[in-house]
Amino acid sequence: MRAHELPHITADILARLRARAPRVHCITNSVAQTFTANTLLAAGAIPSMTLSAGEIGAFVSRADALLVNLGTFDEERRAATAAALDVVGERRTPWVLDPVFIDRSEPRAEYAKSLVAQNPDAIRLNGAEFTALGGAEPDDAALTRFALDTLAVVALTGTVDRIADGAQLVSIENGHPLMARVTAMGCAASALVAAFLAIESDACTATAAALLAFGVAGGVAGERASGPGSFPAALLDALYALDKHTLGEKARVT
Amino acid sequence: MRAHELPHITADILARLRARAPRVHCITNSVAQTFTANTLLAAGAIPSMTLSAGEIGAFVSRADALLVNLGTFDEERRAATAAALDVVGERRTPWVLDPVFIDRSEPRAEYAKSLVAQNPDAIRLNGAEFTALGGAEPDDAALTRFALDTLAVVALTGTVDRIADGAQLVSIENGHPLMARVTAMGCAASALVAAFLAIESDACTATAAALLAFGVAGGVAGERASGPGSFPAALLDALYALDKHTLGEKARVT
Amino acid sequence: MRAHELPHITADILARLRARAPRVHCITNSVAQTFTANTLLAAGAIPSMTLSAGEIGAFVSRADALLVNLGTFDEERRAATAAALDVVGERRTPWVLDPVFIDRSEPRAEYAKSLVAQNPDAIRLNGAEFTALGGAEPDDAALTRFALDTLAVVALTGTVDRIADGAQLVSIENGHPLMARVTAMGCAASALVAAFLAIESDACTATAAALLAFGVAGGVAGERASGPGSFPAALLDALYALDKHTLGEKARVT
C-alpha cells in the first residue's frame, strides 16, 4: 500500500469488519481483558477470552483470529497458548503476538522467542520489548531485518508507530500522550490488529490500518477527555464512530 | 404479577434492596468481574467474588444470593461452583445460572445441564444459549416448557427480554442497542437478578423486576452516552438514581 | 509531620513521584486490577501485576514497592506472595498489606496475621477488617497499640481516614460517599500508598500523603460525577491533575 492510501483502506476494512463481525479469541492478561473486549466490540468484532485447556480448542476453531498477549502470563495461559496455536496452525487462522514486559523477565523473553518461531502474522510491541526480542535498538534497519527473519509484520508502537514487513515501512504519528497513562492501550491495539487480520489478507496493510484506526481514535479521545480517567471511554466512543472523513482528516501516515 | 404493576413492584424491591444491602457472591468470568461488582454496588448490594476452594464456603454461607456465570470457566471456577452449590443447597440461598457461550463449547453445555439439575431459581441467557441448553428455538412455548421442566424462571434477554416461569410470560422492551456493543452487560444483569432474588421471594417477579430495572437504566444510558465507551458508566449512574417515576415513565412491559 | 503541613508535603511527594515514575508491583484481586493499574498510572507510577511463581521474583526485584492485597485470594496469589516477600525482605523494598474481607473468612484472617509478622511498612484496611486483625474496635488507642505492636503504619479508611504509627495519629476527612458505591477504591488507595512509600522514606508521612491525595481526588470527583458510574474516571482525572493549590484548598487534616 502507499501511505496516502492508508486512511481510505482503513475505512474500507472497518466497514467490512462491521459487516462481518469476526470472532477474535484473546489469550490476554487479566488487567487488559475488559478494555480489550470493549475495544473489539466497539470496532464491530466479537471477543472471547476463555483460557481453560478443555475448551480453548473449541473457541479457537470457531474464531477468525487469535491474540496471544503475554501479560500476567501463567501456567494456565501457557497451556492455553499451546492448544490455541495447534488449532491456528491447522486452520491457518491469523494470529498476533504481543510480548508484554519481556524486558522485565528473561524466562518470558525466551518463551516469546519460541512463539515467534511459530509464525505469528504480526507482532506488536514497544521499544524495550523489541530490544529484548530482536537483540537490537529498534531502528528502521533492525525492524526490517527482524521482519525478514521472522516473516511476521513487526509493529512498534510509541510516540510514532512504525510497521515493517521487510519490503515496506509505514510510520503513523497519531495517538495521544494520555495513551501512556492508561493501562491496556497497547494490549487493545494488538487485539484490534487481530480483528483487522481476520478481514484483510495483506498482513502489513491490516496491521497498519488497525494501528491507524486506534491512533486516530486515540487522538480524538485526547481532544475530548479531561484526563486519563475519561480517556478510555472517549477512545471507544471515537472508535465506534470512526469514519472515512475523520480518518482522512486526522491521519498522519508516511 | 400483572404487567402494568411491574414498574411499581420494581421500585419497591429496589427500595428494599437499598435499605437491606444484600450480599451477593459471584462466581463469574474475569472479563465481567469489575462491571458486575459495580452494578451490584450501584443498585445497593454488596458483591464478593472469591473463588478459592478454601474460602468460598465461608463467603457463600454469609451471602444472601449466589451467581454462577460460566464465562472464562476453568477448574478453579468448577471447584468453586461445586463448593458454593453445596452451601446454597443446605441454606436454600437463591441462585442464578448464567450459561455464557455454551453454544460455543459442548463440554460447557453439558456442564450447564448438570447445573440446571441442581435447581437454580433463575436462568438468564440469550437465544443461542437457550437453544444449546433447551434443545429448541426460543419461542414462547419452548420457554414455558423449559421453565416447567426445570422449575426455574427462564429469562431470555435480547432486543426484547422474555421471562417465563411456566405459569406466566412477561415481555420487556427496554434496554438499548449499545448494550450489545459493551462486554458484561448480560453478566451484570444476571448478578442483578441474584440481588433481587435476595429481596423478593417470588422468583418470577424478582427476575422480571431486575431485568426491568437494568433495561430502563440501559435506556436512560443510551440517551446520555456518546457511544459504547461512555455507556457503562451512564448505565451505572442511571441504575443508582433509578426511581419510581422513571420506571413508571419508561417501562414497556407486556 | 504536622497536620497543616500535609497538603504541602503531599504535593511535594507527588511531584517527585511524577518525576521518578516508580515501579509498583501489585499482587491484587482480579476485580481491582484494572482500576488499580490506572490509579498508579494516573499518579505517575508504573504498575505490574504478574503473579506466576516463575516470574514474580524478576518483577519484584525490579520494583520500587510492592502491594499485597488479599481480595480473591487463591493458591497462585499465595505462592506469589511468598516469593515476592522473599525478594522484598532481602532488598528492603517497602510493601503494603491490604487484608481485604478478612472479616468474612477465618483462614484469610489467619493468613493476614502471618503476613503482618513479615513487617509490612503499612497496612490499609477498614473497620471490620481491623477488628478481625487487631482483635479490638478500631478506636484511636487500639490503632496506636496495633501500630506499636506491628511496627507498621496502620491506615484505617472510612468516612474519616485515620493513620497511626504509634507516635502520631493523623485524621483526614476528605473522600466522598460515592467511594463506598464503587469497587476497588480501597484497593487502589493501598496501591497509591505503595507508590508513595517508594518515594518518601518516612512511612507515616508517605501513607498519610497518599490517602490525602486519593481523598482529595475523590472529593473533586464527587463534585463532577453524575453517580457511581462516572465516579472512577472522574477520580483518575482529578488525581492526574492534582496540584498544590487543590490540595491546600481542599485538605481537611487534623
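Below you will find a few notes about this structure. (Residues numbered from 1 in each chain as written. Chains lettered and ligands numbered in written order. Predicted model: local features only at pLDDT ≥ 70, side-chain atom pairs only at ≥ 80, totals over all residues.)

## A short note on the relation of the copies chain A and chain C
These two copies of the chain differ by a rotation about an axis and a displacement along the same axis. Note on the copies: chain A fits chain C at an RMSD of 0.0 Å, the axial shift is 0.0 Å, and the rotation between them is 120 degrees. Between the two chains, the operation in question is that of a three-fold axis. By C-alpha distance to the rotation axis, the residue of chain A lying nearest is A:Ser30, at 4.0 Å. Interface overlap between copies: only 14% of the residues of chain A at the interface are likewise at the interface in chain C, consistent with a contact formed by different surfaces. (Least-squares fit on C-alpha atoms with pLDDT ≥ 70 in both. Contact = placed C-beta atoms within 7 Å.)

## Side note on the packing of helix α2 (residues 33-43) of chain B against helix α8 (residues 185-197) of chain B
Residues and elements named next belong to chain B. At a minimum axis separation of 9 Å, α2 and α8 run at an interaxial angle of 40 degrees. Of the possible angle classes, the one that applies to α2 and α8 is oblique. In terms of crossing hand, the pair formed by α2 and α8 is right-handed. Between α2 and α8, the residues in contact are Phe 35, Thr 36, Thr 39, Leu 40 and Ala 43 and Cys 187, Ala 188, Ala 191, Leu 192 and Ala 195, respectively. Residues of the contact of α2 with α8, tallied by class, amount to eight nonpolar, two polar and no charged. (Axes fitted to C-alpha atoms, helices over the stretch in contact; angles between N-to-C directions. Helix = DSSP H or I, 4+ residues; strand = E, 2+ residues; numbered from the N terminus. Parallel < 35°, antiparallel > 145°, perpendicular 65-115°, else oblique. Left-handed = near helix turned anticlockwise from the far one by under 90°. Nonpolar A, V, L, I, M, F, W, Y, C, P; charged D, E, K, R; others polar.)

## Examining the interface of chain A and chain B
Between chain A and chain B, the contact holds 27 residues from the first and 22 residues from the second. Among the secondary structure elements, those contributing two or more residues to the side of chain A that touches chain B are α2 (33-43), β2 (46-48), α3 (53-61) and α10 (231-241) of chain A. With eight residues, α10(A) is the single largest residue contributor to the side of chain A that touches chain B. Taken together, the residues that form the side of chain A that touches chain B break down as 15 nonpolar, eight polar and four charged.

## Quick word on the packing of helix α9 (residues 203-224) of chain B against helix α10 (residues 231-241) of chain B
Residues and elements named next belong to chain B. At a minimum axis separation of 8 Å, α9 and α10 run at an interaxial angle of 125 degrees. If you check the angle between α9 and α10, you find them oblique. Considering the relative orientation of α9 and α10, their crossing is right-handed. Residues Ala 213, Ala 217, Gly 218, Val 220, Ala 221 and Arg 224 of α9 touch α10, and the partners they reach there are Phe 231, Ala 234, Leu 235, Ala 238 and Leu 239. Among the residues forming the contact of α9 with α10, the class breakdown is nine nonpolar, one polar and one charged.

## Digging into α2(A)
Counted residue by residue, α2(A) has eleven buried out of eleven residues, so it is predominantly covered. Of the residues making up α2(A), those classed as buried are A:Gln33, A:Thr34, A:Phe35, A:Thr36, A:Ala37, A:Asn38, A:Thr39, A:Leu40, A:Leu41, A:Ala42 and A:Ala43. (Buried ≥ 20, exposed ≤ 12 C-beta atoms within 10 Å, placed from the backbone.)

## Section: the relation of the copies chain A and chain B
Least-squares fitting of chain A to chain B yields an RMSD of 0.0 Å, with the transformation described by 0.0 Å of translation along the axis and a rotation of 120 degrees. In this assembly the copies use different faces: only 11% of the residues contributing to the interface of chain A also contribute to that of chain B.

## Description of the interface of chain A and chain C
Listed per partner, the contact involves 22 residues of chain A and 27 residues of chain C. Among the secondary structure elements, those contributing two or more residues to the side of chain A that touches chain C are α2 and α5 (106-116) of chain A. With three residues, α5(A) is the single largest residue contributor to the side of chain A that touches chain C. Residue composition of the side of chain A that touches chain C, grouped by class: eight nonpolar, nine polar and five charged.

## A few points about the environment of A:Leu247
Mapped onto the secondary structure, A:Leu247 falls in helix α11 (residues 244-250). Among residues more than four places away in sequence, those in contact with A:Leu247 are A:Pro7, A:Thr10, A:Ala11, A:Val216 and A:Leu242.

## Focus on the environment of A:Phe146
Relative to the helices and strands, A:Phe146 resides in helix α7 (residues 140-150). For A:Phe146, a count of 22 C-beta atoms within 10 Å corresponds to the buried category.

## Section: unusual backbone geometry
A positive phi is found at A:Ala184, a non-glycine position, where the angle reads about 75 degrees. Relative to the assigned elements, A:Ala184 resides in the loop between β8 (169-172) and α8 (185-197). With 25 C-beta atoms packed within 10 Å, A:Ala184 lands in the buried category. In this structure, B:Arg92 takes a positive phi of about 55 degrees despite not being glycine. The topology assignment puts B:Arg92 in the loop between α4 (75-91) and β4 (95-98).

## Description of the sheet that holds strand β3 (residues 65-69) of chain C
Residue and element names in this part refer to chain C. In spatial order, the strands read β2-β1-β3-β4-β5-β6-β7-β8; together these eight strands make up an open sheet with mixed pairing. With partners counted over all chains shown, the strands left at the sheet margins are β2 (46-48) and β8 (169-172), one partner each. Adjacent strand axes in the sheet meet at a mean angle of 20 degrees, parallel and antiparallel pairs treated alike. Of the strand pairs in this sheet, strand β1 (residues 23-27) and β3 are connected by four bridges, and their pairing is parallel. Within the sheet, the bridge partner assigned to Cys 26 lies in β3 and is Leu 67. Contacts from helix α7 (residues 140-150) reach β6 (153-156), β7 (161-164) and β8, with the element oriented near 145 degrees to β6. (Pairing = 2+ DSSP bridges.)

## Some points on the pairing of β4(B)
Residues and elements named next belong to chain B. Side chains Trp 95 and Leu 97 project from β4 onto one buried face, and the interleaved Val 96 and Asp 98 project onto a second face that is buried too. For strand β3 (residues 65-69) and β4, the ladder comprises four bridges, and the chain directions are parallel. Residue Leu 67 lies in a different strand from β4, and its bridge partner there is Val 96. Handedness of the crossover joining β3 and β4 through α4: right-handed. (Right-handed = clockwise from strand over helix to strand, strands pointing away.)

## A short note on the sheet that holds strand β2 (residues 46-48) of chain B
Residue and element names in this part refer to chain B. Here eight strands make up an open sheet; going across it, the order is β2-β1-β3-β4-β5-β6-β7-β8 and the pairing mixed. Every interior strand has two partners, whereas the edge strands, β2 and β8 (169-172), have only one. Sheet twist, expressed as the average angle between the axes of neighbouring strands with direction ignored, equals 20 degrees. Pairing of strand β1 (residues 23-27) with β2, which is carried by three bridges, proceeds in the parallel orientation.

Purely geometric numbers; function is a separate question.
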